[in-house]
Amino acid sequence: MPCSVVVGGFWGDEGKGKIVSYLALRDKVDFAVRGGSINAGHTVVIHEMKYSLRMIPGAFVYEKCRLLIGPGANVFPKVFIEEVEKTGVRGRVGLDNQCSIIEDQHVSRDRESSFLSKQIGTTGSGVGPALEDRVKRVARLAKDIDELKPFLADVPGELNKALDDGRKVVVEGTQGTFLSLFHGTYPYCTGRDTTASALCSEVGIGPTSVNNVLLVFKAYMTRVGAGYLPGELPEKEVIKRGWAETGTVTGRKRRAAPFNFDLAQRAVSLNGATSLAVTKFDVLFPTCSHTDRYDDLPNEAKEFVDQIERRLGVPVDLIGTGPEATDIIDRR
Ligand code: GTP
Ligand code: IMP
Ligand code: MG
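Residues numbered from 1 in each chain as written. Chains lettered and ligands numbered in written order. Predicted model: local features only at pLDDT ≥ 70, side-chain atom pairs only at ≥ 80, totals over all residues. Heavy atoms only, no water.

Student: Help me understand the overall build of the protein, please; the structure alone is not making it clear to me.
Tutor: Across its full length, the protein carries 11 helices and 16 strands. The C-alpha radius of gyration of the protein comes to 19 Å, within 12% of the 20 Å expected for a compact globule of 332 residues. Overall, the protein is about 55 × 50 × 35 Å in size when its C-alpha atoms are taken along their principal axes. By sequence separation, contacts in the protein at least 24 residues apart represent 75% of the contacts at least 6 residues apart. Surface summary for the protein: the accessible area is close to 14,000 Å², and the carbon and sulfur share equals 50%. (Helix = DSSP H or I, 4+ residues; strand = E, 2+ residues; numbered from the N terminus. Rg over C-alpha atoms; globule rule 2.2 N^0.38 Å. Contact = heavy atoms within 4.5 Å. Areas by Shrake-Rupley, 256 points an atom, 1.4 Å probe, with all protein chains shown as cover.)

Here it is as C-alpha cells:
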C-alpha cells in the first residue's frame, strides 16, 4: 500500500503514534509526513523507551524512514529542535519552507486569553493564535528562521516524487475527527480541520494519491478540555473501569465515555475510512494484554470487533493490546 493516511476517529489521543510506529516497522515505510502542530502529543513506546512526540512523525522508529513536516504545519522551533536531538533523527528530517512559526507571543496570547485557556480549555501551546496570524498573513515562515535552515525542504515536491517512484508513504494526522474546526463540536475544537482530506492538503498531496485511510479509534472514548462528550462517565467510574488517563502535552486528566457507534460511523464517513485500528483492547479485556494473536481474545472482545465491522462496514485491521509498538494484533 504505497500511501496510507492515519487519522483519529474521536477526540485525539486514540493512539495514532503507536499505530504509525508499528506500520513504519512492518512496512519499512520510506517517507512519513506530519501536519498539525505541537498541541498534539503522540506517544511511541519502543523497547520500553517512551517518546512523547509533538512534531516528529512516530515513524522515526524505522531508521531508514525520511521524516517530513508539511507546509500546513505550525512549528515551534525550540520544540522541533529538542525533539530532533532526543530522537536522533538529524540528517533524515525535513521541514517545509512554508511551515508557519509559533512564537512565544502566540503561547502568551493562548494562555492569557480566558476564552481560549479557560472556556475552550486549549493546550496552551500557542497554536490557535499562530494560525490566526497565518490567516492574517503576518506569520513568519520556516524559511525566515536561521536555526531551521539546515532542515528546510520542499515537502510536497519530495512526497509527490516519492509517490511517482512507488515509494511507501505514511501521512500522520493529529488530534481527532471531532476536534475538527469544520466537523467537530465548535467552538470546543482545535484551530484546523483534522480530517483526512485536510491533512492531505496540509502536506501537499492530492486525494487520488491516497490508497488507504486508516482511522484510529480507542476502545472507549476520551477527551481533554471542554466540550460535549456523549455518555461521559463520572470520574469515579472512569477510575473504577481503569480508563483514567492524563494528557501527553498538558498532563490534564482525560474525560472518558464508552465507545459510541453513531460518532464512529460519522467519523468513517467524514474521513472516507478504508480500514480501522482500535487501540486499548487490553484495557477493556485485560486477558489479551500484549498478545499478537486474534485467537487469544476472549469471545466478548471478538464480538466487539464483529460489532464494529458490522455497524461501520469497514474492516478492523489492527487491534492494540498494549502501549509498545509491537503490542498489536494484525489481521490484514
Ligand atoms: P494525539 O496526536 O495527541 O491525538 O495522540 P495519539 O493519538 O498519538 O495518542 P496518545 O499517545 O496521546 O495517547 C494514547 C495513549 O495510549 C498513550 O499513552 C499510548 O502509549 C497508549 N496506547 C496506545 N495504544 C495502546 C494500546 O493498545 N494499549 C494500551 N494499554 N495503551 C495504548
Ligand atoms: P488547541 O488545539 O490547543 O487550541 O486546543 C483546542 C482543543 O483541542 C482543546 O480541547 C484541547 O484539549 C484539544 N486538543 C488539541 N490537541 C489535542 C491533542 O493532541 N489531543 C487531545 N486533545 C487535543
Ligand atoms: Mg495525544
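Student: What should I look at first to understand helix H9 (residues 261-271) in this one?
Tutor: Within the span of H9, buried status applies to Phe261, Leu263, Ala264, Ala267, Val268 and Asn271. An end-on view of H9 places all buried positions within 160 degrees of arc, on one side of the element. Of the exposed residues in H9, those oriented more than 90 degrees away from the buried face are Asp262 and Ser269. In this structure, the buried residues of H9 make contact with strand S1 (3-8), helix H7 (196-203), strand S11 (212-218), strand S12 (220-223), strand S14 (275-279) and helix H11 (299-312). The backbone nitrogen of Asp262 has a side-chain oxygen 3.0 Å away, supplied by the residue at the start of H9, namely Asn260. Just beyond H9, the residue with positive phi is Gly272, at close to 60 degrees. (Buried < 20%, exposed > 50% of the residue type's maximum accessible area, 1.4 Å probe, protein only. Arc of directions from axis to C-beta. Polar contact = N/O pair within 3.5 Å; in protein donor to acceptor, adjacent residues only side chain to side chain.)

Student: Can you help me understand the site of ligand 2 in this one?
Tutor: Around ligand 2 sit 16 residues in total, of which Asn39, Thr123, Thr190, Val224 and Arg252 are the nearest. Interatomic distance of 3.1 Å between a side-chain N/O atom of Asp13 and a nitrogen atom of ligand 2. Here Thr123 contributes a side-chain N or O atom positioned 2.6 Å from an oxygen atom of ligand 2. Contact with the protein chains removes 96% of the 470 Å² of surface that ligand 2 exposes when unbound. Looking at the shell around ligand 2 residue by residue, the classes come out as six nonpolar, eight polar and two charged. (Near = heavy atom within 4 Å. Nonpolar A, V, L, I, M, F, W, Y, C, P; charged D, E, K, R; others polar.)

Student: What's the story with the coordination of the magnesium ion (ligand 3) in this structure? I'm lost.
Tutor: Bound to the magnesium ion (ligand 3) on the protein side are Asp13 (OD) and Gly41 (O), at distances that span 2.1 to 2.2 Å. One end of the pair, Asp13, is in the loop between S1 and helix H1 (16-27); the other, Gly41, is in the loop between strand S2 (31-34) and strand S3 (42-46), with 28 residues separating them in the sequence. A residue is classified by how much of its surface remains accessible, and Asp13, at 22% relative accessible area, is partly exposed. Accessibility expressed as a relative area gives 17% for Gly41, which makes it buried. (Donors = N, O, S within 2.8 Å, 3.2 Å for Na, K, Ca; no water.)

Student: Help me out: how do you make sense of the sheet that holds strand S7 (residues 93-96) in this one?
Tutor: Read across the sheet, 10 strands follow the order S9-S7-S5-S2-S10-S1-S11-S14-S15-S16 without closing on themselves; strand pairing throughout is mixed. Two strands lie at the open edges of the sheet, namely strand S9 (152-153) and strand S16 (328-330), each paired on one side alone. Where S2 meets strand S5 (residues 66-69), four bridges bridge the pair, whose relative direction is parallel. The partner of Val33 across the bridge, within S5, is Leu68. Against the sheet, H11 makes contact with S11, S14 and strand S15 (316-320), and its axis sits at roughly 145 degrees relative to S15, the strand it touches most. (Pairing = 2+ DSSP bridges. Axes fitted to C-alpha atoms, helices over the stretch in contact; angles between N-to-C directions.)

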